[in-house]
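What follows is each chain in one-letter form.
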Amino acid sequence: DNYNFYDPVNNKTAAYDDHSHGSHVAGTSVGGTADHLTGMAPGAKFISAKVFTAGGSGSTATILKGLSWMLAPTKSDGTGADPTKAPDIVSNSWGNSNGASLSYLDAWKAFEAAGIIPVVAAGNSGPRGDTVGAPGSYPQSITVGATDKDDKVASFSSRGPSKIKDANGNLIAKPDVSAPGKDIISAGKNGSEYVKMSGTSMATPAVSGVIALLLSKHKDLTHDEIVQSINTTGKDIDTPGYDYNSGNGLIDAEAALKAADAIVAARPPKA
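This text gives an overview of the structure that appears in the document. It should be emphasised that the depicted structure is a prediction, and the values quoted were computed from it without experimental measurement.

Another point: the overall build of the chain. Helix and strand counts for the chain come out as six helices and eight strands. The C-alpha radius of gyration of the chain comes to 18 Å, within 12% of the 18 Å expected for a compact globule of 271 residues. The C-alpha extent of the chain, read off along each of the three principal axes, is 50 × 50 × 45 Å. In the chain, which comprises 271 residues, the share counted as buried stands at 46%. In the chain, 67% of the contacts between residues at least 6 apart in sequence involve partners at least 24 apart. When the accessible surface of the chain is summed, it comes to about 12,900 Å², and 51% of that surface belongs to carbon and sulfur atoms. Looking at the chain, you have 23 positive and 27 negative side-chain charges, and the mean spots of the two groups are 2 Å apart.

Written as structure tokens, this is what we have:
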């Protein structure tokens, strides 16, 4: 468990899950067996921080501890902090309902400085507009809405725009992209069961998994190049072009990878 698991809630040192939400979202991003390939990137590695109770609640202080740990993971006893073991992506299937909250912005700026990609659930307060929560409302986030089996935006998926303004005084366009998030089957907490869950929490790790695929082929992709690869290849499922319901549309892993290939090929030659 050294450098792989952190628990500021119950202070346990060995990895565990007392809710199933964490196992479910991890399964969607990186899970898989020979018989059940639940994950988008089943060969990828993951680490985790438990910042919520068994009942699904968490405090800002506990969440910030988990986010800080991601910047420099430690051994199980809390020693040996090592930023070289930080993840490439932090998948956030959580958020609050106040999109104007800046409680986590410093952590997001730290992720940006460290080259870590934060992927964030838009929230489950749809179909009303202006309901994207924080930290999905932050400009650094790749914010994810949810779709159903018919590739339509799920009714519960939070709609944009963000309540936060950009440098020009305009409300930031959120969500960025959508992914399947209704009745998703993935891993349960006991390691021997599959469970069905719905929410933008379930859509978020699908996008994180796609980004892991992109980085597995092009490890030096920048945040902006990843955003470009995803946002320019989404499948329109709502209003043509960008919209506050689905963002840039339903994510397309194959098209995103081809776009990343083209971005890398178009880079000027190194001296």
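Here the narrative resumes.
Grouped together as the largest cluster of nonpolar side chains are 26 residues, with contacts concentrated most on V207, I211, I226 and I230. Contributing elements (two or more residues each) for this core: strand 4 (117–121), strand 5 (142–147), strand 6 (177–180), helix 4 (200–217), helix 5 (223–231) and helix 6 (253–265). A total of eight residues in this core trace back to one element, the largest contributor, which is helix 4. The residues touching V207, leaving out its near neighbours within four places in the chain, are V119, I142, V144, V177, A179, I230 and I251. In this structure, I47, M70, W94 and V120 belong to the second largest nonpolar core, which totals 19 residues.

Taking 1.5 Å of rise per residue, 12 residues should cover 16 Å, and helix 2 (residues 60–71) covers 17 Å from first to last C-alpha, within 8% of that figure. All buried positions along helix 2 are accounted for by T62, I63, G66, L67, W69 and M70. Each buried residue of helix 2 sits inside an arc of 155° when the element is viewed along its axis, so together they form one side. In this structure, the buried side of helix 2 is in contact with strand 1 (5–6), strand 2 (48–49), strand 3 (89–92) and helix 3 (105–114).

Here we take up helix 4. For helix 4, which comprises 18 residues, the first-to-last C-alpha distance of 27 Å matches the rise-based estimate of 26 Å (1.5 Å per residue) to within 8%. Most of helix 4 is tucked away, with 15 of its 18 residues classed as buried.

Now for the sheet that holds strand 5. Through backbone hydrogen bonds, the strands of a sheet pair up, either in parallel or in antiparallel fashion. Taken in spatial order, the four strands of this open sheet run 3-4-5-6, and their pairing is parallel. Looking along the sheet, the strands with just one partner apiece sit at the ends: strand 3 and strand 6. Taken over all neighbouring pairs, the strand axes of this sheet differ in orientation by 30° on average, direction set aside. Bridging between strand 5 and strand 6 involves four bridges; their strand directions are parallel. Within strand 6, the residue paired with G145 across the bridge is S178.

Cut-offs applied
Residues numbered from 1 in each chain as written. Predicted model: local features only at pLDDT ≥ 70, side-chain atom pairs only at ≥ 80, totals over all residues. Heavy atoms only, no water. Helix = DSSP H or I, 4+ residues; strand = E, 2+ residues; numbered from the N terminus. Rg over C-alpha atoms; globule rule 2.2 N^0.38 Å. Buried < 20%, exposed > 50% of the residue type's maximum accessible area, 1.4 Å probe, protein only. Contact = heavy atoms within 4.5 Å. Areas by Shrake-Rupley, 256 points an atom, 1.4 Å probe, with all protein chains shown as cover. Lys, Arg positive; Asp, Glu negative; His and termini not counted. Charge placed at Lys NZ, Arg CZ, Asp CG, Glu CD. Core = buried A, V, L, I, M, F, W, Y, C linked by side-chain atoms within 4.5 Å. Expected span 1.5 Å × (residues − 1). Arc of directions from axis to C-beta. Pairing = 2+ DSSP bridges. Axes fitted to C-alpha atoms, helices over the stretch in contact; angles between N-to-C directions.

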